[in-house]
Amino acid sequence: GEHLAVFRSQDGQAHVLDAHCPHLGANLAAGGRVRGGCIECPFHGWQFRGEDGKCTSIPYAAKVPDFARVRAWPSCEVNGMVLLWYHGQGLDPTWAVPEQREITAGEWVFRGQTEHLVDVHIQEIPENAADAAHLAFLHGPAILGGSDLRYTRSRLWHFMKHIWKAEWQPEPEPNEHCSRLLLQHSATIFGKRLCLMDLTVSARQVGPGLVYLIFEHAFLGRGIILQTVTPLEPLLQRVVHKIYYQKNIPAIVPKFILRAECVQFERDITIWNNKQYLSKPLLVREDSGIQRHRCWFSQFYSEGSARPPAKEENLDW
């Protein structure tokens, strides 16, 4: 629900400010111009410094009031993305986003991205990592069956199955804001294992909205999908997947991986878009990872976290 102005100052540094000028409310991102390290309001020419949001110039005023400023958001530029820190009570960042060396060094290159809007609370998306049981049932049927759940289990595609082995664990201090999921993928055709499809995926969740999915294949090389989840509204998330892969591997390989991941992810979206959040789900012993994940994720809430007055225990808001 926030309106932001993101710009790169003339020294190359990216900055994020509140979008609306405190003077008369013009949007700095709609027609504003970069002036040195500032962004200039398109309405009256007020200039706001990217570093701290302070107004440095009013072209027709003899003095700039000390309190004239817009909010500057803590942000960083990592792995080709501008990332913003949000805290319900405005506290400063308590951890940094790790850099993926292969992307920074240019060893892995950008090979495409997908973007989805998901009608669900942000907590529901990473919870999938701890739900090992859904992998075999929802993601076991062949990707040839597509993402429409009415047809994924069609007998036409029964000759092929995906097999998943998963292990989710939270990370210890000082990285308690992170968790890891190790996935071993294989596939069978007519009951026989197809070694060509053997794949190891190491997924590292960093905070509530960023995931590093590193793919390793015996002879098709290594790469990464960066997943970002951005809350647009309380129950609307924008999920982007960007794939980077070894530049010496033909682009068709990472594009196929991204396409396969997209098909599987859209199966999840159908579930998310139509499910109900249960604060006290009926779990069996084999579902223990879900409760552990909820305990781990609870660190991302604070006393200042937005919640409705009537449904404090429910994510359906």
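Residues numbered from 1 in each chain as written. Predicted model: local features only at pLDDT ≥ 70, side-chain atom pairs only at ≥ 80, totals over all residues. Heavy atoms only, no water.

Note the cut-off: UniProt positions are given in the numbering used here, feature names are shortened, and annotations may be inferred rather than shown by experiment.
Within an unreviewed UniProt entry, the label attached to the protein reads cholesterol 7-desaturase, and the organism entered is Cephalopterus ornatus. As recorded by UniProt, the Subcellular location (unreviewed entry) comment attached to the protein reads in full: "Membrane". According to the UniProt record, the Cofactor (unreviewed entry) comment for the protein reads "Fe cation".

**A few points about the domain arrangement of the protein**
Selection rule: What marks off one domain from the next here is an automatic or database domain assignment.
Entries for the protein in the domain assignment read domain 1 (4-73) and domain 2 (101-279 + 286-294). On a C-alpha basis, the centres of domain 1 and domain 2 stand 40 Å from each other.

**Some words on the sheet that holds strand β4 (residues 38-40)**
Filter applied, for reference: Here, any two strands with at least 2 DSSP bridges between them count as paired. Strands here mean DSSP runs of E at least two residues long; helices mean DSSP runs of H or I at least four residues long; both are numbered from the N terminus. Lines are fitted to the C-alpha atoms to define the axes, a helix being fitted only along its stretch in contact, and any angle between axes, read from their N-to-C directions, falls within 0 to 180 degrees.
Reading across from one edge, β3-β4-β5-β6 is the order of the four strands in this open sheet, with antiparallel pairing throughout. At either margin of the open sheet sits one strand with a lone partner, and together these are β3 (33-35) and β6 (55-57). Sheet twist, expressed as the mean angle between neighbouring strand axes with direction ignored, is 40°. Alignment of β4 against strand β5 (residues 47-49), held across three bridges, turns out to be antiparallel. Counterpart to Glu 40 in the pairing with β5 is Gln 47.

**What to know about the pairing of strand β15 (residues 221-233)**
Strand direction decides the pairing type here: strand β14 (residues 210-217) and β15, joined by eight bridges, are antiparallel. If you follow Tyr 212 over to β15, its bridge partner there is Leu 226. Between β14 and β15, which pair antiparallel one after the other, the connecting turn spans three residues. Summarising the sheet, β15 and strand β16 (residues 236-246) pair through 10 bridges and their orientation is antiparallel. When the sheet's bridge partners are listed, Thr 228 is paired in β16 with Val 240. With antiparallel pairing between neighbouring strands as the criterion, β15 and β16 make up a hairpin whose turn holds two residues.

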